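The chain contents come next:
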Amino acid sequence: SLSRSLERMASGIEWREDTRRSVRGALTKPLFLGAVVLGLLVLVVTFLVPRIAGILSKSGIELPLVTRILLAASAFVKSFGLPITGGVIVAVVALCAARCTERGALMTDQLVLRIPLFGKLIRMAQAADFASLFGTLLGSGVHVVRGLEICRNAARNRVLAQSVDGVRQAVLRGESLSDGLERTSFFPGLVLRMVAIGEQTGQLVQSLDRVTAYFDKEVPRSVKKLT
């Protein structure tokens, strides 16, 4: 069954790359727009508002509360702009350095999954990635424990890798695959239900294929909605 296994592997790799590409695209566009808006905001607060403030101060009129807050924010940024910029640079460097350690990488991956809106999409894409790869491995004749080990090593998110390793340990202790997945609290309810049904009916590969087919439609729909 080598040719069939290679075909499944090729289609699985193609599906995972398409999913990752769509998720990266969904994350890149808002981040780019946010950076542009932030740059314009800094430009307005540091250059435009101080000039307007001079004109308003000479007029002698009482300014509204919102205007006074804006002027105070402009003065704060103008006075502490360099320390704030330095602090941001230090934070970015510290974050990059933390990802070089196993514990730091795990903490940053946990933070990524907690980002509002984006975290849910990333978690869904990671679960879809696991279901696709695990189904491909089982369909190619790889046994469950070895398949979980490969999925753990292939996971790009440390939280997913840790969860899959926990499932692997649970299976080695004699527990069912669905119970191990449920204990991690990482995977969506659909994955848990379909895996449980697949174990009960002896059609685990087919159940994982159905999960992959569902995510094949749901992930692009979520990406489009978020964008």
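All figures in this text were calculated on a predicted structure; none of them were measured in a lab.

Trainee: Tell me about the overall build of the protein chain, and name the residues and values.
Mentor: Looking only at helices and strands, the protein chain has nine helices and zero strands in total. For the protein chain, the α and β elements follow one another from N to C terminus as α-α-α-α-α-α-α-α-α. With the C-alpha coordinates of the protein chain rotated into their principal frame, the extents come out at 85 × 35 × 30 Å. Per-residue burial for the protein chain yields a buried fraction of 33% across its 227 residues.

Trainee: Lay out the side chain of Ser163 with the relevant residues and their values.
Mentor: Positionally, Ser163 belongs in helix H6 (residues 158-172). Among all residues touching Ser163, those that are not within four sequence positions of it are Thr184 and Phe186.

Trainee: With reference to specific residues and values, describe the pattern of salt bridges.
Mentor: Counted according to the given criterion, the structure contains nine salt bridges. The partner of Arg21 in a salt bridge is Asp18, with the nearest N and O atoms 2.9 Å apart. With Arg21 and Asp18 both in helix H1 (residues 2-59) and three residues apart, this pair spans about one turn of that helix. For the salt bridge of Asp165 with Arg168, the shortest nitrogen-to-oxygen distance reads 4.0 Å. With a gap of three residues between them, Asp165 and Arg168 both fall in helix H6, about one helical turn apart. For Asp165, a relative accessible area of 24% translates into the label partly exposed. Given the relative accessible area of 16%, Arg168 is considered buried. Overlapping salt bridges, with partners in common, bring together Arg152, Asp165 and Arg168 in one network.

Trainee: Quick one: what's the story with helix H5 (residues 144-154), residue by residue and with numbers?
Mentor: Residues spaced three or four apart along an α-helix point in a common direction, a consequence of the helix completing one turn every 3.6 residues. Where H5 is concerned, the buried positions are Gly147, Leu148 and Cys151. Seen from one end, H5 has its buried residues packed into an arc of 100 degrees, which puts them on one side. Looking at the buried side of H5, the elements it contacts are helix H4 (118-139), H6 and helix H7 (177-184).

Trainee: An account of a nonpolar patch on the surface is requested, with residue identities and associated values reported.
Mentor: Taken together, Phe32, Leu33, Val36, Leu40, Leu43 and Phe47 make up a surface patch of nonpolar side chains, about 610 Å² in accessible area. Tracing the chain through its elements places Leu40 in helix H1.

Trainee: Any chance you could break down H7 for me, citing the residues and the numbers?
Mentor: The complete set of buried residues in H7 reads Leu177, Ser178, Gly180, Leu181 and Thr184. Taken end-on, H7 shows its buried residues confined to a sector of 160 degrees, consistent with a single buried face. Every exposed residue of H7 that faces more than 90 degrees away from the buried side is listed here: Glu182 and Arg183. If you follow the buried residues of H7, they end up packed against H4, H5, H6, helix H8 (189-201) and helix H9 (204-226). Looking one or two residues beyond H7, the residue adopting positive phi is Ser185, at roughly 60 degrees.

Trainee: Tell me about the packing of helix H3 (residues 102-113) against H6, residues and numbers included.
Mentor: Packed helices, taken two at a time, are described by the angle their axes make and the gap between the axes. Contact pair H3 / H6: the axes reach a minimum separation of 7 Å and the direction vectors enclose 105 degrees. Judged by the angle between their axes, H3 and H6 are roughly perpendicular. Mapping the contact onto sequence places Glu102, Ala105, Leu106, Asp109, Gln110 and Leu113 in H3 and Arg158, Val159 and Gln162 in H6.

Trainee: Which residues make up the packing of aromatic side chains, and what values go with them?
Mentor: Under the definition given, this model contains four aromatic pairs. Pairing Phe130 with Phe134 gives two aromatic rings, centres 5.3 Å apart and planes at 20 degrees, and the pair type is stacked. Of this pair, Phe130 and Phe134 are both found in helix H4, four residues apart, which corresponds to roughly one turn of the helix. Judged by relative accessible area, Phe134 falls into the buried class, the value being 1%. The ring of Phe186 carries Arg123 above its face, with NZ or CZ at 4.9 Å from the centroid.

Cut-offs and rules
Residues numbered from 1 in each chain as written. Predicted model: local features only at pLDDT ≥ 70, side-chain atom pairs only at ≥ 80, totals over all residues. Heavy atoms only, no water. Helix = DSSP H or I, 4+ residues; strand = E, 2+ residues; numbered from the N terminus. Buried < 20%, exposed > 50% of the residue type's maximum accessible area, 1.4 Å probe, protein only. Contact = heavy atoms within 4.5 Å. Salt bridge = Lys/Arg side-chain N within 4 Å of Asp/Glu carboxyl O. Arc of directions from axis to C-beta. Patch = residues over 30% accessible without salt bridge, like charges linked within 9 Å, V, L, I, M, F, W, Y side chains within 5 Å. Areas by Shrake-Rupley, 256 points an atom, 1.4 Å probe, with all protein chains shown as cover. Axes fitted to C-alpha atoms, helices over the stretch in contact; angles between N-to-C directions. Parallel < 35°, antiparallel > 145°, perpendicular 65-115°, else oblique. Phe/Tyr/Trp six-rings, centres within 6.5 Å; stacked < 30°, edge-to-face > 60°. Lys NZ or Arg CZ within 6 Å of the ring centre and 35° of its normal.

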